[in-house]
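Given next are the chains, with one letter for each unit.
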Amino acid sequence: MANEVDLFAGLSDVRWSRMRHAYGPATEVPDLLRGLAGPDPAVRETALDGMYGAVHHQGDVYPCTLAAIPFLLRIAAAPALAGRAEVVELLASIASAEDPTELSGPYKKANGAVTAAFPLWERLLGDPDPKVREAVAGLLAACVDEARAAVTSLTGRLGSEGDPSVREAIVRTGAALGRRQSDADDAQAGAGDVQTGAEDVRDWLGKVSAAEEDPQVRLVALAELASLGGGPAVAVGEALDLLTALYETGTPPASPPPADVETPTLIGALRRARAERDAGRRAPRAGELVHAVSKGLGDRVDDRVRLLTALLRSPDWECQVDAMGPAHVLFANWRGDYAGLITVLGERVLDGSGSGRPGTVVMARAIDVLKDLDELAAPAADALAEVLSATDRRVADHTRPEDAELPWVIDWPGGQPTVSPALHALSGTGDDRALPMLAWALEREHLPRDVAQLVGDFGPRAAPLLPLLCRRLRDLPADHRLESISWALSRIGPAAVEALPDLLGQPVTEGWLAAITAIGPAAAECAPILRETAASPERGPAIRAAKALWLVTGDVEAAVTVADRHLGGDDKYAVMAAMGLLGEMAPAMAERERAAKPRIALLRRLAKRKDPHGWVPLAAVRALYRLTGDAEVAPPVVARVWELNRHTRTEAAELCAELGRAAAQARPLLEAELGRARRHNASDSGYGSAQIADDEKLLRRCREALDAMN
């Protein structure tokens, strides 16, 4: 290449071998950089994959990342090169990287090195390649120190920009910079007589949303304006009209695949997956806008439900699919009345049954949303049961595309099978129609790894499956599958005594101990095993065995001895488990034993411990109350840990319900929690499968506590 000397001058002078990336010495970085500037698109894609995979691994910034920035800037500035847009996107990612340890160092240097090229980015906003302009518009969001100048450049460019995707990127970045300026501007605004940078951005977005003719760009402006908290609220009807127009006119593909490019890289796989996802679609980018509009509505849960319900009821399958992701985000992070919206998801499951693509695509996406809702998915239970019943005991391979007949079990090559998402969703609702299907799954030679857990969630109602569970105890190897069956038995309760002969031949595990505990006095023949395990130095088995020994034999003294042994130790989790056991046993302990001075003194010290997560003091005051009846110490601890760690709130609310009127000073906390729109465990950066169920449990406990105070 003619300009290779200029692009890579000094490349060989960098001591790459003395630097490291995610997978070892950074010796291949020069070849990766040269590959990014090469004429072959497959070589460029492979090099880009190497940069993201090793040099900028999962957003990390290493010394070799910093050393690569000058050469990346030269590639971005070279007008004759292909692939510059991807290099600008890489630079944007490097400049926006955040240090998870909140230290400065290379992350701050990386941002400074990229944003110091601000004159280059201003110039490239007018580049002939719209992909470059779009990437540069996105990169300017990292130019925090040049925020006002960046906003000026973006707003000035919007009027002459003809590409909708670039215009959309300009609006998004302008809003992002406005949000970043907001806090600083609040401090400078004083009495409010100064027009701040954030206010300038809000005014600009208001004008764009009023004057913009392209529905795609106008939707983005409306959503971003709402997220900045300025201007009129987004009208759901207006948003639906714009989305309808967008689906009718269509949008360009999100990322058109290069011709004749096939690389064995993650980037290549993602590109192909996007192309497959967008196949047959008129408006592949509309989904991003549905997300943006729904997110822009914020805590207006009823409006979000109205928006998504209308899209799910649209005859356009693309509208239906694009509503699924925002619906999942809404369920996971906000509280609300979702019965109607979930009913419509059930209708989409029924519509997809027996139909071809794209109906089956809609059905599969709806099921993916429903499978983590647990009891919240009850309005869709009839639809799930009807479609599952029609498939008659099917197993499907995970590589199979969306199928009109829902399987009961999914086979995974080289791995353990799982219960299918549809059966998982039906089981989560607690609907008894799932039990015969779970029984069939239990009978499979290769046991699905999650079937026993789902059976156990039915509690005593799963007792008819006991003969099958006993048989699997006998024929399964002693691994995690056996352990999961033991836990299922523990959830069934005393009726699990039917499994006792089979449990006696199994190794002592935590699941085994839980099952014996649930069986209770009928498991008296296990007493010698329990006594031996209770004497173990291992915290978990010893305390579980002590509890089982008490419930099976009534031997309170032996269990108290184990609890006291761990109560004064250094193992935080052992201390908490010991306090929990003492609290449970309190009603069975003699009055003198409950009030033993050394134990009570230790618990009072633990209640005052500066635990950064609050679990130890909360467990201590619960045990104190149960042992002494002293309720005064608990409310201040509840108030402290409630604010300290949101994940303690369910247990704190349970304690308040136990205290009743004695916890009256916690009433404002409970009422405020019930009044919040966001779930207590909501996260903008991730999602846990138990997130919804855990928050719904907190809401129930708060109501129970308030009822107990009345």
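Structure report, in brief. Because the structure is predicted, anything quoted here is derived from the model rather than measured.

Focus: the overall build of the chain
Argument step 1. A tally of helices and strands in the chain yields 38 helices and 5 strands.
Argument step 2. Its C-alpha atoms give the chain principal-axis dimensions of roughly 85 × 60 × 60 Å.
Argument step 3. A total of 710 residues make up the chain; the buried ones form 52% of that total.
Argument step 4. A separation threshold of at least 6 residues defines the contact pool for the chain, and within that pool the share at least 24 residues apart is 66%.
Argument step 5. As displayed, the chain has an accessible area near 31400 Å², and 52% of this comes from carbon and sulfur atoms.
Argument step 6. In the chain, 79 side chains carry a positive charge and 101 a negative one; their mean positions are 4 Å apart.

A few points about the packing of helix α12 (residues 215–227) against helix α15 (residues 286–296)
Geometrically, a packed helix pair is captured by the angle between its two axes and the distance between the axes.
Argument step 1. Remark: α12 packs on α15, axes separated minimally by 8 Å, with the N-to-C direction vectors making an angle of 25 degrees. Classified by the angle between their axes, α12 and α15 sit roughly parallel to one another. Viewed along their axes, α12 and α15 form a crossing whose handedness is left-handed. Between α12, through Q216, L219, V220, A223, A226 and S227, and α15, the contact on the second element is made entirely by L289, A292, V293 and G296.
Argument step 2. Class assignment of the residues belonging to the contact of α12 with α15 gives a composition of 7 nonpolar, 3 polar and no charged.

Side note on the pattern of salt bridges
Argument step 1. All told, the structure shown has 45 salt bridges when counted by the stated rule.
Argument step 2. A salt bridge links D316 to R282, with the shortest nitrogen-to-oxygen separation between them at 2.8 Å. Linking D316 in the loop between α16 (301–312) and α17 (317–333) with R282 in the loop between α14 (266–278) and α15, this pair joins segments that are 34 residues apart in sequence.
Argument step 3. Taking the relative accessible area as the measure of exposure, R282 reaches 44% and is therefore partly exposed.
Argument step 4. Its salt-bridge partner being R626, residue E658 comes within 2.9 Å of it at the nearest N-O pair. Of the two residues, E658 sits in helix α36 (residues 649–659) while R626 sits in helix α34 (residues 615–628), which places them 32 residues apart along the sequence.

Focus: the side chain of Q416
Argument step 1. Following the sequence through the fold, Q416 ends up in the loop between β4 (409–411) and β5 (418–419).
Argument step 2. Residue classification places Q416 among the buried positions, given a relative accessible area of 15%.
Argument step 3. Here L447 takes part through its backbone oxygen, which lies 2.7 Å from a polar atom of the side chain of Q416.

A closer look at the environment of T155
Argument step 1. Its location among the elements puts T155 in helix α9 (residues 147–158).
Argument step 2. When its relative accessible area of 28% is taken as the criterion, T155 is described as partly exposed.
Argument step 3. Put simply, T155 and L205 are 50 residues apart on the chain and 9.5 Å apart in space, counted from C-alpha to C-alpha.

Brief notes about the packing of aromatic side chains
Argument step 1. Tallying each qualifying case throughout the model produces 2 aromatic pairs.
Argument step 2. Considering the side-chain rings of F331 and Y338, the 4.9 Å spacing of their centres and the 75 degrees angle between planes classify their relative orientation as edge-to-face. The burial state of F331 is the same as that of Y338; both residues are buried.
Argument step 3. Their ring planes at 85 degrees and their centres at 5.5 Å tell us that W408 and W440 sit as a pair that is edge-to-face.

A word on the sheet that holds strand β3 (residues 395–397)
Argument step 1. Read across the sheet, 3 strands follow the order β3-β4-β5 without closing on themselves; strand pairing throughout is mixed. Taken across any chain shown, the strands that pair with only one partner, and hence form the sheet edges, are β3 and β5.
Argument step 2. Two elements, β4 and β5, share 2 bridges in a ladder whose sense is antiparallel. Within β5, the position partnered with I410 by the bridge is T418.

So, the side chain of S420
Argument step 1. As for its placement among the helices and strands, S420 is situated in the loop between β5 and α21 (421–428).
Argument step 2. You can call S420 buried: its relative accessible area is 1%.
Argument step 3. One polar contact links the side chain of S420 to the main-chain carbonyl oxygen of P407, over a distance of 2.7 Å.

Notes on the nonpolar core
Argument step 1. Grouped together as the largest cluster of nonpolar side chains are 233 residues, with contacts concentrated most on L33 and W121.
Argument step 2. Dropping the residues within four chain positions of it, W121 is found in contact with L73, A76, V88, L91, V114, V136, L139 and L140.

Notes on helix α37 (residues 667–675)
Argument step 1. Burial in α37 covers these residues: L669, L670 and E673. One side of α37 holds all its buried residues, which, seen down the axis, span an arc of 95 degrees. Away from its buried face, by an angle of more than 90 degrees, α37 presents the exposed residues P668 and G675.
Argument step 2. Looking at the buried side of α37, the elements it contacts are α35 (634–644), α36 and α38 (691–709).

Brief notes about α12
Argument step 1. In a regular helix each residue adds 1.5 Å, so 13 residues correspond to 18 Å; α12 covers 18 Å between its end C-alpha atoms and thus fits that length.
Argument step 2. For α12, a buried count of 10 out of 13 residues is recorded, marking the element as mostly surrounded by other parts of the structure.
Argument step 3. All buried positions along α12 are accounted for by P215, Q216, V217, L219, V220, A221, L222, A223, E224 and L225.
Argument step 4. One side-chain oxygen of the residue at the start of α12 lies 2.8 Å from the amide nitrogen of Q216, identifying that residue as D214.

Comments concerning the state of the cysteines
Argument step 1. This structure, assessed with the given rule, holds 0 disulfides.
Argument step 2. C470 supplies the cysteine sulfur nearest to C526, a cysteine that is in no disulfide, at a spacing of 14 Å.
Argument step 3. Residue classification places C526 among the buried residues on the basis of a relative accessible area of 0%.

Some words on the packing of α17 against helix α19 (residues 359–370)
Argument step 1. α19 packs onto α17 with a crossing angle of 5 degrees between their chain directions and a minimal axis gap of 9 Å. Here α17 is positioned roughly parallel relative to α19, judged by the angle of their axes. On α19, the residues that touch W317, Q320, V321, M324, H328 and F331 of α17 are V361, V362, R365, A366, D368 and V369.

What to know about the environment of V638
Argument step 1. Position of V638 among the secondary structure elements: in helix α35.
Argument step 2. What makes V638 buried here is its relative accessible area of 1%.
Argument step 3. In the structure, V638 is positioned 24 residues away from G614 in sequence and 9.1 Å away in space, judged by C-alpha atoms.
Argument step 4. Among all residues touching V638, those that are not within four sequence positions of it are L618, A652, L655, C656 and A666.

What about unusual backbone geometry?
Argument step 1. The backbone of Q58 sits at a positive phi, close to 50 degrees, despite the residue not being glycine.
Argument step 2. Among the structural elements, Q58 can be located in the loop between α3 (41–55) and α4 (63–77).
Argument step 3. Even without being glycine, D374 reaches a positive phi, approximately 50 degrees.
Argument step 4. One can find D374 in the loop between α19 and α20 (381–389).
Argument step 5. Take D374: its relative accessible area is 24%, and that puts it in the partly exposed class.

Procedures and definitions
Each chain has its residues counted from 1, following the order in which its sequence is written. Residue-level local features of this predicted model are given only where pLDDT is at least 70; pairs of side-chain atoms are given and counted only at 80 or more, and the full residue set underlies all totals for whole chains, interfaces and linings. The basis for every side-chain value is the complete set of non-hydrogen atoms in the structure, without hydrogens or water. A helix here means a DSSP run of H or I that spans at least four residues, while a strand means a run of E at least two residues long, and both kinds are numbered starting from the N terminus. Residue burial is assigned from relative accessible area. The probe radius is 1.4 Å, only protein chains are included, and a residue is buried under 20% of its type maximum, exposed over 50%, and partly exposed in between. Residue contacts follow a heavy-atom distance rule, with two residues in contact if any of their heavy atoms lie within 4.5 Å. Areas reported as accessible are Shrake-Rupley estimates using a 1.4 Å probe. Residue values count occlusion only from the protein chains shown. The positive count covers Lys and Arg only, the negative count covers Asp and Glu only, and His and the chain ends enter neither. Lysine's charge is taken at NZ, arginine's at CZ, aspartate's at CG and glutamate's at CD. Between the N-to-C directions of two axes lies an angle of 0 to 180 degrees, each axis being a line fitted to C-alpha atoms and, for a helix, fitted only over the stretch in contact. Angle categories: roughly parallel below 35 degrees, roughly antiparallel above 145, roughly perpendicular from 65 to 115, and oblique for all the rest. By definition, turning the near helix anticlockwise from the far helix through less than a right angle yields a left-handed crossing, and turning it clockwise yields a right-handed one. Charged residues are taken to be Asp, Glu, Lys and Arg, nonpolar residues to be Ala, Val, Leu, Ile, Met, Phe, Trp, Tyr, Cys and Pro, and polar residues to be all remaining types, Gly included. Any carboxyl oxygen of Asp or Glu that lies within 4 Å of a side-chain nitrogen of Lys or Arg is treated as forming a salt bridge with it. Any N or O atom pair separated by 3.5 Å or less is treated as a polar contact, with the protein-specific requirement of one donor-capable and one acceptor-capable atom, and with residues adjacent in sequence counted only for side-chain atom pairs. Working definition: a ring pair exists when centres of Phe, Tyr or Trp rings (six-membered ring for Trp) sit within 6.5 Å. Plane angles under 30 degrees give stacked, over 60 give edge-to-face, the rest tilted. The pairing criterion is simple: DSSP has to find at least two bridges between the two strands. Among buried residues, those of type Ala, Val, Leu, Ile, Met, Phe, Trp, Tyr and Cys that are joined through side-chain atoms within 4.5 Å constitute a nonpolar core. Working note: the arc is built from the helix axis to C-beta atom directions. To estimate how far a helix should extend, the number of its residues minus one is multiplied by 1.5 Å. Whenever a pair of cysteine sulfur atoms sits within 2.5 Å, that pair is classed as a disulfide.

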